[in-house]
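# A structural walkthrough
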Amino acid sequence: MIKRTLKQLAAMIPGSVFHSGDEAALIEGVSIDTRTIQHGNLYIPIKGERFNGHTFVDKAIENGAVATLWNKDEENPPTDISVILVDDTLEALQQLAKSYRHELDIKVVGITGSNGKTTAKDMVKAVLDTTYRVLKTDGNFNNHIGMPLTILRLDETHDIAVLEMGMSSRGEIEFLSNLAEPDVAIITNIGESHLQDLGSRDGIAEAKLEITSGLAPTGQLVYNGDEPLLTSRVVNPAFETVTFGSSKQNDLYPSAISAEELGTTFTVSRETTYSFFIPVLGKHNVHNALSAIAVGHYFGLDNETIAKGLKELKLTNMRMELVKRTDGLTFINDAYNASPTSVKAAITLMHDLEGYKQKILVLGDMLELGDQEKEFHKEVGEFIQAEKIDYVLTYGPLSVEIEQGAKNNFAEDKVMHFEEKDELVKKLTAITTREDVVLVKASRGMKLEEVISKMMHKLP
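Residues numbered from 1 in each chain as written. Predicted model: local features only at pLDDT ≥ 70, side-chain atom pairs only at ≥ 80, totals over all residues. Heavy atoms only, no water.

Now for the overall build of the protein. When helices and strands are tallied, the protein shows 16 helices and 22 strands. Long-range contacts, defined here as pairs at least 24 residues apart, represent 65% of the contacts in the protein between residues at least 6 apart. In the form shown here, the protein has an accessible surface area of approximately 19800 Å², with 46% of it arising from carbon and sulfur atoms. Here the protein contributes 47 positively and 68 negatively charged side chains, and the mean placements of these two sets differ by 5 Å. (Helix = DSSP H or I, 4+ residues; strand = E, 2+ residues; numbered from the N terminus. Contact = heavy atoms within 4.5 Å. Areas by Shrake-Rupley, 256 points an atom, 1.4 Å probe, with all protein chains shown as cover. Lys, Arg positive; Asp, Glu negative; His and termini not counted. Charge placed at Lys NZ, Arg CZ, Asp CG, Glu CD.)

This is the structure we're talking about:
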């Protein structure tokens, strides 16, 4: 974490004024939340539409903060803590992070995309951890507040930062890229997330490509070469590019994929042929792994080292997470997020799985899809192949459309919609055996992982 004197901090934030306290005092780390304050922290009170962090400064002091930033237009700066006055505390946080990034001898990997950002981030870190000291974005700290806080968690011993960049509208990725100045940038794919804000997949592609705004001239863009919305826009770039995907036109593509009970083995042919194993299922996750392999190559790692990192991968929870009940019933918990692209990828995985008595889908609403949300849900239902899936259970107001789409292919008693999770769990308990596999997938707001939690305690 950042360790600087208050005098140094003030110099790192343009327009700031040291107001009171000891300029030689050392701060260790920053926090915007009084609940996470640790002794020695700098408190940065963020001001929003419905809250004002300045009102909680006394709690920050009580919990161990030794200094605070303070908006110049806020009255009554505290007298029992060192204070640096700034024009805007949020902008000051961002400026501090940018200055700190420049002071560190560090490389940055930036990752964006409609789906798979977090999985790709976990894979990149697993690969680079074999050789370097790496810090990655935690949780959803991938926006204009979270990313600066992540940068400020770095210290002089880190070699590489792996930063996830999220967005909801145009210009946000550009801002984050210019702040982080990545040496390598990854675009996992272009899906339908944020259609409500961006209007079309073309708009999403343009927004994701903003990650190149801050890309170093000697840097590299790693992107999905199967996506024409990207390939048509990446023309005569000033930086190096590496493409990945299914087709042979890509720089990295799998020549063979084999699904196993505990993960996936795939072979990549480039200068030489090499096999990799990832402890996670799904062809789409092979694509994420290809992007991590490209990053490994950029940092000089050989295939053997990269393979070791991928084999030891630990994914963030609720992303194709395999969960087994004590009697053997298997769940695939992919309930962290959902879009038409990612749901179809998960369904394809279920189509291809072998060795189970029954394969059951539990699908919930996909959110933030804009005016076409009903059509997207119905398309997902129609995508499911009745000869490869035994039951489809849906939950949520929009997933009624999944039910209707699936009923075009399934017998009526094999597709059911539920308004209450308890009723869904009751039905799931009745139809499952210990030899079955159940995929659970929906947008984060549906909290569909609760179905798995309830099922874990319902042994037959």
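Next, the rest of the story.
This part covers unusual backbone geometry. Located in the positive-phi region is N76, a residue other than glycine, with phi close to 50°. Structurally, N76 is set in the loop between β6 (67-71) and β7 (82-86). Positive phi values are uncommon outside glycine, yet E181 reaches one of about 50°. Note that E181 resides in the loop between α6 (172-180) and β11 (184-187). Residue class for E181 comes out partly exposed when judged on its relative accessible area of 26%. (Buried < 20%, exposed > 50% of the residue type's maximum accessible area, 1.4 Å probe, protein only.)

Turning next to the packing of aromatic side chains. Counted by the stated rule, this structure contains four aromatic pairs. Taking 5.9 Å as the distance between ring centres and 65° as the angle between the ring planes, the aromatic pair formed by Y132 and F299 counts as edge-to-face. On the criterion of sequence distance, the pair formed by Y132 in the loop between α4 (117-128) and β9 (134-136) and F299 in the loop between α10 (283-298) and α11 (303-311) is long-range, its members being 167 residues apart. For F299, a relative accessible area of 11% corresponds to the buried category. One aromatic cluster is present, formed by Y132, Y298 and F299 through successive ring pairs. (Phe/Tyr/Trp six-rings, centres within 6.5 Å; stacked < 30°, edge-to-face > 60°.)

Topologically, A289 is positioned in helix α10. Looking at A289, the relative accessible area reads 0%, which means it is buried. Here the alpha-carbon distance between A289 and V124, two residues 165 residues apart in the chain, equals 7.9 Å. When residues no more than four places from it in sequence are discounted, the contact partners of A289 are M123, F266, I278 and L310.

Glancing now at the packing of helix α3 (residues 89-103) against α6. Close contact between α3 and α6 brings their axes to 8 Å; oriented N to C, the two are set at 40°. In this view, α3 runs oblique relative to α6, as classed from their interaxial angle. Here Q94, K98 and R101 of α3 come into contact with α6, specifically with F175, N178, L179 and A180. Among the residues forming the contact of α3 with α6, the class breakdown is three nonpolar, two polar and two charged. (Axes fitted to C-alpha atoms, helices over the stretch in contact; angles between N-to-C directions. Parallel < 35°, antiparallel > 145°, perpendicular 65-115°, else oblique. Nonpolar A, V, L, I, M, F, W, Y, C, P; charged D, E, K, R; others polar.)

Quick look at the nonpolar core now. Counting 60 residues, the largest nonpolar core has V109, L128 and L310 as its most contacted members. If one sorts the elements of this core by residue count, α10 sits on top with seven residues. Core analysis: the next-biggest nonpolar cluster, separate from the first, contains 53 residues, I204, L209, I211 and L215 among them. (Core = buried A, V, L, I, M, F, W, Y, C linked by side-chain atoms within 4.5 Å.)

Attention now moves to the environment of S99. With respect to the helices and strands, S99 occurs in helix α3. Between the alpha carbons of S99 and L152 there is a distance of 10.0 Å; along the sequence they are 53 residues apart.

This next bit is on the confidence of the model for the protein. Summary statistics for the protein give a mean pLDDT of 92 and a share of 97% for residues scoring 70 or more. Within the protein, helix α7 (residues 195-198) has the poorest average pLDDT of any element, 60, and β11 the best, 98. (pLDDT = per-residue confidence, 0-100.)

Before going further, it helps to spend a moment on the side chain of H351. Looking at where H351 falls in the secondary structure, it is placed in helix α12 (residues 340-352). At 3.1 Å, the side chain of H351 and the backbone nitrogen of Q385 are in polar contact. (Polar contact = N/O pair within 3.5 Å; in protein donor to acceptor, adjacent residues only side chain to side chain.)

All right, on to the pairing of strand β10 (residues 160-164) then. With respect to burial, β10 is a largely interior element, five of its five residues being buried. Residues I160, V162 and E164 line one face of β10 and the alternating positions A161 and L163 line the opposite face, and both faces are buried. As defined by bridge partners, strand β8 (residues 107-112) adjoins β10 across five bridges and the pair is classed as parallel. Bridge pairing in β10 places G110 opposite L163. Relative to β10, β9 runs parallel, the two sharing three bridges. Within β10, the position partnered with L135 by the bridge is A161. (Pairing = 2+ DSSP bridges.)

Attention now goes to the pairing of strand β20 (residues 391-395). Burial analysis of β20 places five of its five residues in the buried class, the great majority of the element. Neither face of β20 is open: one carries Y391, L393 and Y395, the other V392 and T394, and all of them are buried. Sheet topology places strand β19 (residues 359-364) next to β20; five bridges connect them, and they run parallel. Following the sheet pairing, L361 is matched in β20 by V392. Regarding topology, helix α13 (residues 373-383) serves as the crossover connection from β19 to the parallel β20, and that connection is right-handed. Sheet analysis places β20 next to strand β21 (residues 415-418), joined by four bridges and oriented parallel. Bridge assignment links L393 to a residue of β21, and that residue is M416. At this point the chain moves from β20, through helix α14 (residues 400-406), to the parallel β21, and the crossover so formed is right-handed. (Right-handed = clockwise from strand over helix to strand, strands pointing away.)

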